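Spelled out from the first residue to the last, the chains are:
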Amino acid sequence: MPEEQTSAHPTPPTEEVAELLRRRREQIAQRWADATFFRTVFTVSRDEAVEVARAVVEALAAVAAEGRVDDPDAGAFAVVREELARTADARSRAGAAAAQISSEVDALRPPVAELLVAELPGAPAEHVLECATALTVLMGTLRLVVQDTLISAGEELINRQRMQLMEVATPVIRLWEGVVAVPLIGTLDSARSQVVMETLLNAVVDQQARFAILDITGVPTVDSLVAQHLMKTVAAARLMGAECIVSGIRPPIAQTIVHLGIDLSSVLTRSSLEDALAYALRQLGTDIVPHAAHGTEPR
């Protein structure tokens, strides 16, 4: 029995837990490597599971030594957040629900608790209870950190997918040499409007376009915010040397624009994509001549 445990002032519970984690680091890491949370992720190399588990044990020891067992923002957790996020994300991708992942993290506590009790055979029951409570709080905080990293990873994935969907939903079509078009479908918000502007300007440069058509036939409504985004896109295209035409202004949208008092006098508009393309071609000195009726060749 350690000398400090027999004295009137036993080692503080958090320090006791920190010392245990440091002393038994390898043993704990070996046990954790066989736990579901790690074993189902590191299926190729058990040594890798042991290495990650060891890093987590070291971080927990540092957190306990600081006395911050209930603080998920403790600096030592930052060291292993990436590893925890990778492990939790792998479990999530494998179909594990958040509650299941939380239970798997909870299952890491009993092996450590067993070692803690074995290390304190002659300590007062009250001290053992305080140490066990500190360990429980610490492992509960670890669970919070895992959940937080899992949520953050999920949000990042959703944001990436959202940006990818916006890019896919904002295609640039080369209608003619020097003429590109962006058909817009659905509601325009600030984020999507930024994607539209960047996509269009890149297309103007890549295609050396003189005319860029923004077709809003598929946009259900136009309010002052949408109109502002359209005008910014038109102005940006002009700075790049392209004339921007807004097409697809249906009667209900035209009435809404008038009622809102939105001034689009500086924006070139056409009622349909066909009209916008015809205008651009005329400006380029090109006309599309339809075949004569009854199959007669045009003269």
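Structure: see above.
I will try to describe carefully the structure that is included in this document. Treat the numbers as computed from the prediction; the structure is a model and nothing was measured.

**Points about the overall build of the protein chain**
Reasoning step 1: Across its full length, the protein chain carries 13 helices and 5 strands.
Reasoning step 2: Counting across all 299 residues of the protein chain, residues that qualify as buried make up 40%.
Reasoning step 3: Within the protein chain, contacts between residues at least 6 apart in sequence are counted, and of these 73% link residues at least 24 apart.
Reasoning step 4: When the accessible surface of the protein chain is summed, it comes to about 16,200 Å², and 54% of that surface belongs to carbon and sulfur atoms.

**Some points on helix H11 (residues 224–239)**
Reasoning step 1: Its 16 residues give H11 an end-to-end C-alpha distance of 23 Å, which sits within 8% of 22 Å, the value for a rise of 1.5 Å per residue.
Reasoning step 2: What H11 keeps buried is the set Val226, Ala227, His229, Leu230, Thr233, Val234, Ala236 and Ala237.
Reasoning step 3: Those residues of H11 that are buried are in contact with helix H10 (190–207), strand E3 (211–218) and strand E4 (243–247).
Reasoning step 4: Its side-chain oxygen at 3.2 Å from the backbone nitrogen of Leu225, Asp223 defines the N-terminal cap of H11.
Reasoning step 5: Two residues or fewer past H11, Gly241 is found with a positive phi of approximately 90°.

**A few points about the sheet that holds E4**
Reasoning step 1: Spatially, 5 strands are ordered E1-E2-E3-E4-E5 in an open sheet, and the strand pairing comes out mixed. For this open sheet the edge positions go to strand E1 (173–176) and strand E5 (268–270), each flanked by a neighbour on one side alone. Across the sheet, the axes of successive neighbouring strands diverge by a mean angle of 30°, strand direction being ignored.
Reasoning step 2: In the sheet, E3 pairs with E4 via 5 bridges, with the strands oriented parallel. Following the sheet pairing, Phe211 is matched in E4 by Glu243.
Reasoning step 3: Against the sheet, H11 contacts E3, E4 and E5, and its axis sits at roughly 150° relative to E4.
Reasoning step 4: Contacting E1, strand E2 (179–185), E3, E4 and E5, helix H13 (residues 273–283) crosses the sheet at an angle of about 170° to E3.

**Brief notes about the packing of aromatic side chains**
Geometrically, a pair of aromatic rings is defined through the distance of the ring centres and the angle of the planes.
Reasoning step 1: Counted according to the given criterion, the structure contains 3 aromatic pairs.
Reasoning step 2: Measuring from ring centre to ring centre gives 5.1 Å for Phe37 and Phe38, while their planes differ by 80°; the resulting arrangement is edge-to-face.
Reasoning step 3: Ring centres of Phe211 and Tyr279 lie 6.3 Å apart, and the angle between their planes is 90°; on these two criteria the pair is classed as edge-to-face. Note that Phe211 is positioned in strand E3 and Tyr279 in helix H13, a separation of 68 residues in sequence.

**A short note on the nonpolar core**
Reasoning step 1: Core analysis: the largest hydrophobic core is formed by 49 residues, its most contacted members being Leu21, Trp32, Phe38, Leu60, Leu108, Leu138 and Leu142.
Reasoning step 2: Within the residue set of this core, elements represented by two or more residues are helix H2 (13–23), helix H3 (25–33), helix H4 (36–39), helix H5 (46–65), helix H6 (75–93), helix H7 (98–106), helix H8 (109–119) and helix H9 (125–168).
Reasoning step 3: Of all the elements, H5 adds the most residues to this core, at 11 residues.
Reasoning step 4: Non-local contacts of Phe38, meaning those with residues more than four positions away in its chain, are made with Trp32, Ala33, Ala49, Val52, Ala53, Val56 and Leu108.
Reasoning step 5: Ala212, Val234, Ile249 and Ile253 belong to the second-largest nonpolar core, a separate cluster that totals 29 residues.

**Digging into the environment of Ala59**
Reasoning step 1: Its location among the elements puts Ala59 in helix H5.
Reasoning step 2: Non-local contacts of Ala59, meaning those with residues more than four positions away in its chain, are made with Ala76 and Val80.

**So, unusual backbone geometry**
Reasoning step 1: Residues other than glycine seldom take positive phi values, yet Gln208 does so here, at roughly 50°.
Reasoning step 2: Counting through the fold element by element, Gln208 comes out in the loop between H10 and E3.
Reasoning step 3: You can call Gln208 exposed: its relative accessible area is 68%.

**Here we look at the side chain of Thr141**
Reasoning step 1: When you line up the elements, Thr141 lands in helix H9.
Reasoning step 2: Classification of Thr141 as buried rests on a relative accessible area of 2%.
Reasoning step 3: Non-local contacts of Thr141, meaning those with residues more than four positions away in its chain, are made with Val69, Asp70, Asp71, Pro72 and Phe77.

**Overview of the pairing of E4**
Reasoning step 1: Extensive coverage of E4 is indicated by the burial of 4 of its 5 residues.
Reasoning step 2: For the crossover from E3 across H11 to E4, the handedness is right-handed.
Reasoning step 3: With 3 bridges connecting them, E4 and E5 associate as parallel partners. Looking at the pairing, Ile245 lines up with Leu268 of E5.

**Considering the packing of H2 against H8**
Reasoning step 1: Where H2 contacts H8, the axes come no closer than 11 Å and their chain directions differ by 105°. By the angle between their axes, H2 is roughly perpendicular relative to H8. Residue-level contacts link Leu20, Leu21 and Arg23 of H2 to Val112, Leu115, Leu116 and Glu119 of H8.
Reasoning step 2: In terms of residue class, the contact of H2 with H8 is built from 5 nonpolar, no polar and 2 charged.

Definitions and cut-offs
- Residues numbered from 1 in each chain as written.
- Predicted model: local features only at pLDDT ≥ 70, side-chain atom pairs only at ≥ 80, totals over all residues.
- Heavy atoms only, no water.
- Helix = DSSP H or I, 4+ residues; strand = E, 2+ residues; numbered from the N terminus.
- Buried < 20%, exposed > 50% of the residue type's maximum accessible area, 1.4 Å probe, protein only.
- Contact = heavy atoms within 4.5 Å.
- Areas by Shrake-Rupley, 256 points an atom, 1.4 Å probe, with all protein chains shown as cover.
- Expected span 1.5 Å × (residues − 1).
- Polar contact = N/O pair within 3.5 Å; in protein donor to acceptor, adjacent residues only side chain to side chain.
- Pairing = 2+ DSSP bridges.
- Axes fitted to C-alpha atoms, helices over the stretch in contact; angles between N-to-C directions.
- Phe/Tyr/Trp six-rings, centres within 6.5 Å; stacked < 30°, edge-to-face > 60°.
- Core = buried A, V, L, I, M, F, W, Y, C linked by side-chain atoms within 4.5 Å.
- Right-handed = clockwise from strand over helix to strand, strands pointing away.
- Parallel < 35°, antiparallel > 145°, perpendicular 65-115°, else oblique.
- Nonpolar A, V, L, I, M, F, W, Y, C, P; charged D, E, K, R; others polar.

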